[in-house]
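Take a look at the letters that make up each chain.
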Amino acid sequence: MKEILDNPLEQYQEIESKTAKNENKKEKWTAKIRKALSIFIATGLVTLSADPVLDSKIYFNENHIGKFIEYTGEDNEIKQLEMEYRLKELCEKYSVNIVGFLKTADEGARENREKEKGPLKVEGFESLGIFNEDLKEMWDETYPKNALNEVSRVAYISKSKQNVGDYNISGQMMAAGTNILSNEITFFKSLEGHSKKKDIIGTADWFFSHELGHMNDWAHTDNLTPEERIEFLQEVTQSFLMEGSFRDVLGYVDSINNPDQQKQLFYKVGEYWAGLCEYYFTFPDIQFNSLETALIEKWLLKGEKFDNLAMKEKRVGYVKKMLETNYYDKK
Ligand SMILES: [Zn+2]
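Residues numbered from 1 in each chain as written. Predicted model: local features only at pLDDT ≥ 70, side-chain atom pairs only at ≥ 80, totals over all residues.

### Here we look at the overall build of the protein
Helix and strand content of the protein: 15 helices and 5 strands. Sorting the 331 residues of the protein into buried and exposed places 39% on the buried side. Contacts in the protein between residues far apart in sequence, at least 24 positions, make up 78% of those at least 6 positions apart. (Helix = DSSP H or I, 4+ residues; strand = E, 2+ residues; numbered from the N terminus. Buried ≥ 20, exposed ≤ 12 C-beta atoms within 10 Å, placed from the backbone. Contact = placed C-beta atoms within 7 Å.)

### Let's talk about the environment of F266
One can find F266 in helix 12 (residues 261-282). In the structure, F266 is positioned 29 residues away from T237 in sequence and 8.6 Å away in space, judged by C-alpha atoms.

### A look at the nonpolar core
Of all hydrophobic cores here, the largest spans 68 residues; its most connected members are L276 and C277. For this core, the element with the most residues is helix 12, which contributes 11 residues. Not counting chain neighbours up to four residues away, the residues in contact with L276 comprise G213, F246, F288, E292, L295 and I296. (Core = buried A, V, L, I, M, F, W, Y, C linked by C-beta atoms within 7 Å.)

### Some thoughts on unusual backbone geometry
Here the phi dihedral of S95 falls at roughly 80°; this positive angle occurs in a residue that is not glycine. Tracing the backbone shows S95 in the loop between helix 5 (77-94) and helix 6 (97-114).

### Some remarks on helix 6
A rise of 1.5 Å per residue sets the reference length of helix 6, with its 18 residues, at 26 Å; its end C-alpha atoms lie 27 Å apart and thus fit the reference within 8%. Listed in full, the buried residues belonging to helix 6 are I98, V99, F101, L102, A105, D106 and A109. An end-on view of helix 6 places all buried positions within 160° of arc, on one side of the element. Of the residues in helix 6, the exposed ones pointing more than 90 degrees away from the buried face are E107, R110, E111 and E114. (Expected span 1.5 Å × (residues − 1). Arc of directions from axis to C-beta.)

### So, helix 7 (residues 132-142)
Within helix 7, burial applies to L135, M138, W139 and T142. Buried residues of helix 7 fall within an arc of 90° about the axis and therefore sit on the same side. In helix 7, the exposed positions that point more than 90 degrees away from the buried face belong to E133 and E141. In this structure, the buried side of helix 7 is in contact with strand 2 (121-123), helix 8 (145-148), helix 9 (197-215) and helix 14 (308-324).

### Considerations on the packing of helix 7 against helix 14
When two helices pack together, their arrangement is given by the angle between their axes and by how far apart the axes lie. Close contact between helix 7 and helix 14 brings their axes to 9 Å; oriented N to C, the two are set at 165°. The angle between helix 7 and helix 14 falls in the class roughly antiparallel. As for how helix 7 packs across helix 14, the hand of that crossing is right-handed. Counting all contacts with helix 7, which are made through D134, M138, E141 and T142, the residues of helix 14 involved are M311, K314, R315, Y318 and M322. Here the residues of the contact of helix 7 with helix 14 are counted per class, giving 4 nonpolar, 1 polar and 4 charged. (Axes fitted to C-alpha atoms, helices over the stretch in contact; angles between N-to-C directions. Parallel < 35°, antiparallel > 145°, perpendicular 65-115°, else oblique. Left-handed = near helix turned anticlockwise from the far one by under 90°. Nonpolar A, V, L, I, M, F, W, Y, C, P; charged D, E, K, R; others polar.)

All quantities given are derived from atomic positions and should not be read as evidence of function.
So, in structure tokens, the structure goes:
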């Protein structure tokens, strides 16, 4: 989820001074974000949420650590102990429900792995005057293959979607969300708030980079073992709790508010991860700390070689090309 706060610029300035280290880069980055921020405010949005269906399952599952280890089929005693240690730590942070949550996620992923996944489908953007094939080509050619592999379809629907309440942000509508069962990213009506095609494409791509992060988290990623899900969530949680860890410029992550502290941490860490991915792709000048960079390489890129700066530039080229083509002529 993502939200416009009362004075995002002021909050942003405070955060930027903590995050950017190199002065030149900082200036460049500042200008870019400011520009992008004005686009955000113009839409009046909003939230970018992970799948609420899966979120709610966390509270309906009461499986225990032993059962989970049994489920993994791991028979090496040392590895079992390591898993137990990690799970205990996760239970302390998120309650015992986290065990059931990760098991449910893994079962869903097993089913997904059996389905045939064709090439990425992009649909519905023609109602915004954008050629679906152009967006598809841009995303196919400028995002890492391993991360894209987790997405089967990206769709725009011209309908508003009310925000789900668990984040307790005063936001109104959802801008985009993910569906874990079908590996889909859906954009909702907010994009229509832009009058310029350039802003529509820019915002769509920005949101896509955030949702792609959710699609590649400990719950959504299809190609992970149950052990890896535990390790992934534990590592990102530790990184989030470290002093000086990255925060988005809108103060979005820290604005998430839930009376249940464990639930609140769970949502914040989920959005922190999606935010890392979002800024890595969309604002490649930003510098994360070394642990965060390592997390991106390990869990988002999964060993793939990827130049986020060059790919962002390439994406800007695709946008230019799209602006030169008149959709209605091309159709
Ligand atoms: Zn999100």
